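Structure at a glance
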Amino acid sequence: MDHRLQHEAGPPLPRAPNPAAIALKGRERLRAWQLTHVSSFSENSRKRTGLITVMVRRRESDNAAHQLCDPELSDDENRRLFRKCVDLHGHKYVLEVVVAGEVDPATGYVMDLKFLSDVMGRRVIRDVDHRNLNTDVSWLEGPIPTVKNLVRTFWERLQPELPAGLLRSVRVWETDKNWAEVDGRG
Ligand code: NI
């Protein structure tokens, strides 16, 4: 039997190390790996994330006072309609905003939550915290400051400040049990 032929039919020998690769160290080796792997990985990641809508939620809180009364009605009528809420009282309100969109493959964000927090603070919280909602906030003048009216006005103040199409919902918690919400989907 020809010993040389038997050897050639066996499993392939491991490839000899590439001297050029051995010479690369540390950052150079990482860079070489990135050049051959990262671009295709990012492309796959982009395809995957593009198919999924992610919702991001941010809460901010404030303390404020209000009373429910219609100045056009008598005291008795107001008390019958709004019961004990006719008297001035306070709540710890929680403003909850949801944005929804695709994850930006470059940043991993739908939206920077610091940006969202700043908008909520600048457009709503700063003006209402530790205020009487019936008398102290110019942009709340008019409608009775029920939680339903508050959430509609908060939506109107937030929506123009956020990137088009991302605002999904605005919710205001008046107590642990009661909240009202504007749903941006209709
Ligand atoms: Ni109340």
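Model, not experiment: these values are computed from the prediction.

1. Some words on the pairing of strand β1 (residues 54-66)
Examined bridge by bridge, β1 and strand β2 (residues 89-101) share 13 bridges and lie antiparallel to one another. Counterpart to arginine 58 in the pairing with β2 is valine 97. As judged from the 2 bridges shared by β1 and strand β3 (residues 131-132), these two strands associate in the parallel manner. Residue pairing for β3: alanine 64 is matched across the bridge by arginine 131.

2. Overview of the pairing of strand β4 (residues 167-173)
The buried fraction of β4 amounts to 7 of the 7 residues, a majority that puts the element mostly inside the structure. With 5 bridges connecting them, β4 and strand β5 (residues 179-183) associate as antiparallel partners. Looking at β5, one finds that tryptophan 173 is bridged to tryptophan 179. Between β4 and β5, which pair antiparallel and follow one another directly, the connecting turn spans 5 residues.

3. What about the sheet that holds β3?
Two modes of strand pairing occur in sheets, parallel and antiparallel, and in both the strands are linked by backbone hydrogen bonds. Across the sheet, 5 strands lie side by side as β3-β1-β2-β4-β5; this open sheet has mixed pairing. A strand with exactly one partner marks an edge of an open sheet, and here the two such strands are β3 and β5. Pairing between β2 and β4: 6 bridges, direction antiparallel. Across the sheet, the residue bridging to glutamate 96 is arginine 171, located in β4. Sheet strands touched by helix α5 (residues 113-128): β1, β2 and β3. Its angle to β1, the strand with the most contacts, is close to 20°. Packing against the sheet, helix α6 (residues 147-158) makes contact with β2, β4 and β5, and its axis sits at approximately 145° to β4.

4. Examining the packing of aromatic side chains
Using the criterion set out here, one finds 2 aromatic pairs in the structure. Between tryptophan 139 and phenylalanine 154, the ring centres sit 6.0 Å apart and the planes meet at 70°, which makes this aromatic pair edge-to-face. Placement of tryptophan 139 in the loop between β3 and α6 and of phenylalanine 154 in helix α6 is noted, with a sequence separation of 15 residues between them. By the burial criterion, tryptophan 139 is buried, and phenylalanine 154 matches it. Measuring from centroid to centroid gives 5.8 Å for tryptophan 173 and tryptophan 179, while their planes differ by 50°, and the two rings are tilted. Its end group placed over the ring of tryptophan 139, arginine 157 keeps NZ or CZ at 4.0 Å from the ring centre. Note that arginine 171 overlies the ring of tryptophan 179, its terminal NZ or CZ placed 3.7 Å from the centroid.

5. Looking at the nonpolar core
The biggest cluster of nonpolar side chains holds 31 residues, and the ones touching the most others in it are Leu95, Val97, Phe154 and Val170. Looking at this core, the elements with two or more residues in it are β1, β2, α5, α6, β4 and β5. Apart from residues no more than four positions distant in its own chain, valine 170 is found in contact with Leu95, Glu96, Val97, Val151, Phe154, Trp155, Leu158, Ala180, Glu181 and Val182.

Here is what the cut-offs are and how they apply
Residues numbered from 1 in each chain as written. Predicted model: local features only at pLDDT ≥ 70, side-chain atom pairs only at ≥ 80, totals over all residues. Heavy atoms only, no water. Pairing = 2+ DSSP bridges. Helix = DSSP H or I, 4+ residues; strand = E, 2+ residues; numbered from the N terminus. Buried < 20%, exposed > 50% of the residue type's maximum accessible area, 1.4 Å probe, protein only. Contact = heavy atoms within 4.5 Å. Axes fitted to C-alpha atoms, helices over the stretch in contact; angles between N-to-C directions. Phe/Tyr/Trp six-rings, centres within 6.5 Å; stacked < 30°, edge-to-face > 60°. Lys NZ or Arg CZ within 6 Å of the ring centre and 35° of its normal. Core = buried A, V, L, I, M, F, W, Y, C linked by side-chain atoms within 4.5 Å.

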